[in-house]
Amino acid sequence: FAGDDGAFDINNITGAVNVIKNPNELKKEVYELKIQASELTPNGDVVGHAVTVVTIRVVDLNNHPPTFYGENGPQNHFELTMYEHPPEGEILRGLKITVNDSDQGANAKFNLRLVGPGGIFRVVPQTVLNEAQVTIIVENSAGIDYEKFHLLTFKLLAIEVNTP
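The name recorded for the protein chain in an unreviewed UniProt entry is Cadherin-related family member 1, from Staurois parvus. UniProt, in the comment section headed Subcellular location (unreviewed entry), describes the protein chain in these words: "Membrane".

On to the environment of Val 46. Among the structural elements, Val 46 can be located in strand S4 (residues 46-57). Residue Val 46 is classed as exposed on the basis of its relative accessible area of 52%. What Val 46 contacts, discounting residues up to four positions off in sequence, is Ser 38, Glu 39 and Leu 40.

Right, let's talk about the environment of Val 123 for a bit. Note that Val 123 resides in strand S9 (residues 121-124). Given the relative accessible area of 5%, Val 123 is considered buried. The spatial distance from the C-alpha of Val 123 to the C-alpha of Glu 88 is 13 Å, given a sequence separation of 35 residues. In contact with Val 123, not counting residues within four places along its chain, are Leu 112, Arg 113, Leu 114, Val 134, Thr 135, Ile 136 and Leu 156.

Parameters and conventions
Residues numbered from 1 in each chain as written. Predicted model: local features only at pLDDT ≥ 70, side-chain atom pairs only at ≥ 80, totals over all residues. Heavy atoms only, no water. UniProt positions renumbered as here; feature names shortened; annotations may be inferred. Helix = DSSP H or I, 4+ residues; strand = E, 2+ residues; numbered from the N terminus. Buried < 20%, exposed > 50% of the residue type's maximum accessible area, 1.4 Å probe, protein only. Contact = heavy atoms within 4.5 Å.

Here you go:
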C-alpha cells in the first residue's frame, strides 16, 4: 500500500492496518492509504485485484500535562515577599506565572486550584484552555499577618478536566 510515510503496516492475510510508529511521531492529521488486495493462485500468480483508499484521521492523545512556567522557562516553585495586611482584591504582582497544556481542543482544558490555608488568596482564571497568565489575588487581608505566619505556603494545582 502507499501513502503511509512508514507509519502503518498491513497484515497480508487479514488486511488489518496497524500503527507501527509512536503516535507522537505521526506527522499528519489525515492519512489516505491506497490499498491493493490481490487474489493469488496456489502458485502465487495474480488472477485479480482491487484497489481502495482508506482514510485514517489521527486525533490528539491528551498526552501533555499542564505545565507551569516562570520568566525563564518551566518552573515548579515560585516565591514572593510581601507586606502584611495588603488590601483585599490586590494582585500579587511579583509572581509571573504562566500555565500551558499543549494538547489540542478539549484535551487542553484544565482547572486551577489553590491548596493551603483557606480563604487567604484566590486564583484567576479558574478554568483554562491551552494557556493563561495566572493571577493570585488577596481574598482575606487579615489572614496575611506577620505575627501569625512568617511564611505562607500554597500548592497551585492544574487539574485536567477530561483526564484528571
